[in-house]
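Results of the structural survey
The lines below spell out each chain.
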Amino acid sequence: MFPRREKKQSLRRRALFLLVTIAVVVVALAWFRVGPRPAIEIRPAFLAIGPSTPVEVYVSEPRRGLSTVRVELMQGDLRRVLAEVEVAPRESWRFWGDYTPSETFELEVGSRTIEGLKEGEATIRVEAQRAATWLRHPKPGVAEVVLAVRLRPPSLEILSTANYAEQGGSGLVVYRPGKTSVRDGVQAGDHWFPGFPLPDGAGGDDGRRFALFGVPYDLEEASGVVLVAEDEVGNRSEVPFLDGLKVHPLRRDTINVDDAFLARVVPRILAETPELQSTGDLLQDYLRINGDLRQANAEVLAELGEDSEPRQLWQGAFLQLPGSQVMSSFADRRTYVYQGRDVDQQDHLGFDLASVRAAAVPSSNAGRVVLARYLGIYGRTVVVDHGYGLLSLYAHLSRIEVEEGQQVARGETVGHTGATGLAGGDHLHFTLLLQDLAVNPVEWWDGRWVQRRIEDRLQGAAAGG
């Protein structure tokens, strides 16, 4: 009798203990298992807000996950919600299941996205609610960053006068950007020409700078060429400065392509360009060479322009290939015809200069060799850097006589004419580039033009004019 009673009592005690344990666990979970305070990082791209400042916000809570996140900007009475998200955290009694451990917000903050924003200071505030329980609703995590608001663009003063240029031509402008400017130069269409301090001995201690620029051969409005000054947060001044732009009609030409030409040039170019695989069709391979490979070659030349030495290496007029005859116009729009039908169209940016076979090719001016190798459509090619983004290109060479990194004098032989690359016969393809833009060499072949439009402007700046 007694053992049976004791057994019942023992079972009751165990059940009671189990119930109390469950109750304690439930109360503990309901009280203690709130989510930890979320980690919040506010990462502005700059130490100030401008027209459109990138701001990255990262919020994380890896244990139970986020609940709600709110990002807002505050300035005086102005309050703007920049981002807001609400998600379900993991329940306090669960140790598995879906939840959101972190959120990243990529924001653009500035006068372009927030109406009423003024100069001064503004606060970016992030509030992240952590997971609650039945009994506890803790305060959210909060982080703030105070940033200056700068909306006034740098000043910009044009110092050179009589700023004229031709379509496809070049020029030099002298100017003075404001002290807040960190990037200045000339924007001509899609092309950028950076500014430089005036050369040693030309003054410039009062902030005067200059930009050597080109005008795209297909740009027809002077207003498309502007002087630019920009501060670190993107405030930008743009001032048109050309007093006149001479426009030339676009010249057009037709190039007939036959099977004999394709059979001669395509396999040779493919052999020198391992990254370009043959399709087995000569015409299709040619079109890829004339299009895709031409673009890839242009990108190589653009990189060379970006790495140009920030000093003048040339002196005076540039040389044309001696005794040569100009066989093309600058910036021809060429239509390629195969078996009576148009198959392609490209712009020919340079001059084809014909002389005797394997004629010696002189460097058009002093500089440093930055490329001396086979370059796609150009065949064996030499590129000479003359400083300030000005480059000369010598293409279709039969032989190269210089090495990359070598300093060359004006008139020093860099190679010999040939028919490599997309050449129909022995000649020199000559191009002058400013940064990534081909410009008309005729101007630079003219000593009077170089003196009046380049040297005199720099000397005038030195004299304070």
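Below or above, wherever it landed, is the structure these notes cover. As the structure is a prediction and not an experimental result, all values here were calculated from the model.

**Thoughts on the overall build of the protein chain**
Regarding its fold elements, the protein chain presents 5 helices and 32 strands. Buried residues in the protein chain amount to 49% of all 465 residues. Long-range pairs, those at least 24 residues apart, make up 69% of the contacts in the protein chain between residues at least 6 apart in sequence.

**Digging into helix H2 (residues 259-272)**
Here H2 spans 20 Å end to end across 14 residues, near enough to the 20 Å set by a 1.5 Å rise per residue. Close packing links the buried residues of H2 with strand E19 (252-257), helix H3 (282-306), strand E21 (332-338) and strand E25 (367-374).

**Some details on the layout of surface pockets**
Taken as a whole, the largest pocket holds about 1000 Å³ of empty space. In this structure, the largest pocket is lined by 45 residues; those nearest its centre are Arg294, Asp347, His348, Leu349 and Ile377. Those elements that provide at least two residues to the lining of the largest pocket are E19, H3, E21, strand E22 (341-348), strand E23 (351-354), strand E27 (390-397), strand E31 (428-434) and strand E32 (437-439). Among the elements that make up the lining of the largest pocket, the one with the highest residue count is H3 (8 residues). Here the residues of the lining of the largest pocket sort into 21 nonpolar, 14 polar and 10 charged. Of the volumes computed, that of the second largest pocket is approximately 240 Å³. What lines the second largest pocket is a set of 14 residues, among which Gln167, His248, Arg251, Phe330 and Asn440 lie closest to the centre. Of the residues in the lining of the second largest pocket, the class split is 6 nonpolar, 5 polar and 3 charged.

**With respect to unusual backbone geometry**
The phi dihedral of alanine 331 falls on the positive side, at around 65°, and the residue is not glycine. The residue alanine 331 is located in the loop between strand E20 (325-326) and E21 in this model. Classification of alanine 331 as buried rests on a relative accessible area of 5%. The residue glutamine 339 is not glycine, and still its phi comes out positive at about 50°. Turning to its location among the elements, glutamine 339 is positioned in the loop between E21 and E22. The exposed category is assigned to glutamine 339, whose relative accessible area is 61%.

**Thoughts on H3**
It helps to recall that an α-helix has 3.6 residues per turn; residues three or four apart then point in one direction. The first and last C-alpha atoms of H3 sit 35 Å apart over 25 residues, in line with the 36 Å expected at 1.5 Å per residue. The distance from a side-chain oxygen at the start of H3 to the backbone nitrogen of leucine 283 is 2.9 Å, and the residue carrying that oxygen is aspartate 281.

**Regarding the pattern of salt bridges**
For the structure shown, the criterion picks out 22 salt bridges. Notably, a salt bridge pairs glutamate 157 with arginine 176, separated by 2.6 Å at the nearest N-O pair. Of this pair, glutamate 157 sits in strand E9 (residues 156-158) while arginine 176 sits in strand E11 (residues 170-177), and the two are 19 residues apart along the sequence. One salt-bridge network, in which partners are shared between bridges, spans Arg70, Glu72, Arg79 and Glu84.

**Here's the deal with the packing of aromatic side chains**
Enumeration according to the criterion identifies 14 aromatic pairs in this entry. For the pair phenylalanine 196 and tyrosine 388, a centre-to-centre distance of 4.8 Å together with 55° between the ring planes defines the contact as tilted. Pair noted here: phenylalanine 196 is in strand E14 (residues 196-197) and tyrosine 388 is in the loop between strand E26 (380-385) and E27, with a separation of 192 residues, a long-range link. Of the two residues, phenylalanine 196 and tyrosine 388, neither departs from the other in class, the shared state being buried. Cluster of aromatic residues (ring-pair linked, three or more members): Phe330, Phe351, Tyr394, Phe430 and Trp445. Geometry around tryptophan 192 places arginine 183 over its ring, the cationic atom sitting 3.8 Å from the centre.

**A closer look at the environment of valine 81**
Relative to the helices and strands, valine 81 resides in strand E5 (residues 78-86). Given the relative accessible area of 42%, valine 81 is considered partly exposed. Separated by 45 residues in the primary sequence, valine 81 and valine 126 have C-alpha atoms spaced 10.0 Å apart. Discounting chain neighbours no more than four positions away, the residues touching valine 81 are Arg70, Val71 and Glu72.

**Re the environment of proline 153**
Structurally, the position occupied by proline 153 is in the loop between strand E8 (141-149) and E9. On the accessibility criterion, proline 153 (39% relative accessible area) is partly exposed. Separated by 85 residues in sequence, proline 153 and glutamate 238 place their C-alpha atoms 9.4 Å apart.

Thresholds, definitions, all that
- Positions within a chain are numbered from 1, following the residues in the order the chain's sequence is written.
- Thresholds applied to this predicted model are a pLDDT of at least 70 for local features of residues and 80 or more for the giving and counting of side-chain atom pairs; totals over whole chains, interfaces and linings are not thresholded and use all residues.
- Side-chain figures throughout are based on the complete set of non-hydrogen atoms in the structure, without hydrogens or water.
- Starting at the N terminus, helices and strands are each numbered in turn, a helix being any DSSP run of H or I of at least four residues and a strand any DSSP run of E of at least two.
- Note on classification: 1.4 Å probe, protein chains only; a residue is buried when its accessible area is under 20% of the maximum for its type, exposed when over 50%, partly exposed between these limits.
- In what follows, residue pairs with any heavy atoms lying within 4.5 Å of each other are defined as contacts.
- Take the number of residues in a helix, subtract one, and multiply by 1.5 Å to get its expected span.
- Each cavity reported here is a set of points on a 1 Å grid over the protein atoms alone in which a 1.4 Å probe fits but cannot get out, each pocket an open set with protein on both sides within 12 Å along at least five of seven lines, and each lining residue one with an atom within 4 Å of a point.
- Grid points are joined across faces, edges and corners, and a volume is the space filled by probe spheres set on the points.
- Residues were grouped as follows: Ala, Val, Leu, Ile, Met, Phe, Trp, Tyr, Cys and Pro as nonpolar; Asp, Glu, Lys and Arg as charged; and all remaining residues, including Gly, as polar.
- Polar contact criterion, stated in full: a pair of N or O atoms within 3.5 Å, where within protein one must be able to donate a hydrogen and the other to accept it, and residues adjacent in sequence count only if both atoms are side-chain atoms.
- By definition, a salt bridge exists where a carboxyl oxygen of Asp or Glu is found within 4 Å of a side-chain nitrogen of Lys or Arg.
- Centre distance within 6.5 Å is the pairing criterion for rings of Phe, Tyr and Trp, where only the six-membered ring of Trp is used; planes under 30 degrees apart are then read as stacked, over 60 as edge-to-face, and the remainder as tilted.
- Charges are assigned to positions over rings by a cutoff of 6 Å between ring centre and Lys NZ or Arg CZ, combined with an angular limit of 35 degrees from the ring normal.

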